[in-house]
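Examining the three-dimensional arrangement
Residue-level listing of the chains:
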Amino acid sequence: MNEYRQHPSKVTRWDGEGLVPVVGEIVQLQMVWVALPPENGQQLWEGLNALPISEGVVELSSIPVFAHEMNFGDRVSTMKSAEGPLVCTGIIQRSDQWTYRVWLSDDVPGALHLVAEGYARAGCLVDVMSRRLIAFSCGRDLAEVVASKLASDERAGLLTYETGRL
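It should be emphasised that the depicted structure is a prediction, and the values quoted were computed from it without experimental measurement.

It is worth spelling out the overall build of the protein chain at this point. For the protein chain, the count of helices and strands is 2 helices and 12 strands. Along the protein chain, helices (α) and strands (β) appear in the sequence β-β-β-β-β-β-β-β-β-α-β-β-α-β when read from the amino end. Expected size for 166 residues packed as a compact globule is a radius of gyration near 15 Å; at 16 Å, the protein chain falls within 12% of this value. Expressed along its principal axes, the backbone C-alpha trace of the protein chain runs to roughly 45 × 40 × 25 Å. Buried positions account for 46% of the 166 residues belonging to the protein chain. Intrachain contacts of the protein chain at a sequence separation of at least 6 include 54% that bridge at least 24 residues. In the protein chain, the 14 positive side-chain charges and the 21 negative ones have mean positions that sit 1 Å from each other.

Put into C-alpha cells, the structure is as follows:
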C-alpha cells in the first residue's frame, strides 16, 4: 500500500505587504514524487511542485517537508513511473538553500499566521503543508540566524522544529 503526501499550496515569500507565491501562476509546474522511508509496511511518497528544466530534470519549487537532504531549488533527475507520474531518481545539483520543518503548537491562537509571516519577513520562503505543519527555506547566509530564532521560539513553546538534514 502506498501513502501520498502532496503539497496543497505554493511556496510564498514576503513582498513587503504580504505573502505572495514565489513562482507565478503563469509558470506550468510539474509534480515529482519522492520516495520516503517506508512506515508500517507502507511506501510513503512526497509530491513536490517542480519547474521543468530539461528532459528528465526539474528544479524543486516546493520545500520538502518529509524528504530529508533535499531543499527548495535543488535540481533532480526524474523518470516516468509505470503509472505515469514523474518520480525523483536523484539530486544532480544542490541549491544554496537550507530547510527547516516546523510543527506549530495548538496552544497559541493564530500561530500559523504569526509564525509564517514572521519568518517570511525575516527572509525565509514559506511552504504551508497544513495549519500546524510548515516548511521554511532560506539561503546559507540566513541559516544560522533562522536556526537561532527557531530554537528560541521552540523554548518559548510556540513550535517544534527540525532541520532538513539528517
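Next comes the rest of the description.
Our next topic: the side chain of T78. Mapped onto the elements of the fold, T78 is located in strand β7 (residues 75-80). Discounting chain neighbours no more than four positions away, the residues touching T78 are V32, G56, V57, V58, L86, V87, C88 and T89.

Judged by nonpolar contacts, the single largest core of 19 residues is most densely connected at F136 and L150. Secondary-structure elements contributing two or more residues to this core are β9 (97-104), α1 (111-121), β11 (133-139) and α2 (140-155). No other element matches α1, which puts 5 residues into this core.

In total, this model carries 3 aromatic pairs according to the counting rule given. Considering the side-chain rings of Y4 and W33, the 5.3 Å spacing of their centres and the 80 degrees angle between planes classify their relative orientation as edge-to-face. Here W33 lies in strand β4 (residues 30-39) and Y4 lies in strand β1 (residues 2-6), a separation of 29 residues in the sequence. Classification of Y4 by relative accessible area gives partly exposed; the value is 49%.

Attention now moves to the side chain of H7. Assignment of secondary structure puts H7 in the loop between β1 and β2 (12-14). Engagement of the side chain of H7 in a polar contact is seen with the side chain of D127, the distance being 2.9 Å. Setting aside residues no more than four positions away along its own chain, H7 makes contact with E46, G47, L48, S62, I63, V65, D127 and M129.

Looking now at α1. Listed in full, the buried residues belonging to α1 are A111, V115, A116, E117, Y119 and A120. A positive phi of about 110 degrees marks G123, the residue just after α1.

Enumeration over the complete set of coordinates arrives at 9 salt bridges. When the shortest N-O distance is used, the salt bridge between E162 and R101 registers 4.0 Å. Of this pair, E162 sits in strand β12 (residues 159-163) while R101 is found in strand β9, placing the two residues 61 residues apart along the sequence. Residues participating in the shared-partner salt-bridge network are D106, R131 and R132.

Reading guide: rules and limits
- Residues numbered from 1 in each chain as written.
- Predicted model: local features only at pLDDT ≥ 70, side-chain atom pairs only at ≥ 80, totals over all residues.
- Heavy atoms only, no water.
- Helix = DSSP H or I, 4+ residues; strand = E, 2+ residues; numbered from the N terminus.
- Rg over C-alpha atoms; globule rule 2.2 N^0.38 Å.
- Buried < 20%, exposed > 50% of the residue type's maximum accessible area, 1.4 Å probe, protein only.
- Contact = heavy atoms within 4.5 Å.
- Lys, Arg positive; Asp, Glu negative; His and termini not counted.
- Charge placed at Lys NZ, Arg CZ, Asp CG, Glu CD.
- Core = buried A, V, L, I, M, F, W, Y, C linked by side-chain atoms within 4.5 Å.
- Phe/Tyr/Trp six-rings, centres within 6.5 Å; stacked < 30°, edge-to-face > 60°.
- Polar contact = N/O pair within 3.5 Å; in protein donor to acceptor, adjacent residues only side chain to side chain.
- Salt bridge = Lys/Arg side-chain N within 4 Å of Asp/Glu carboxyl O.

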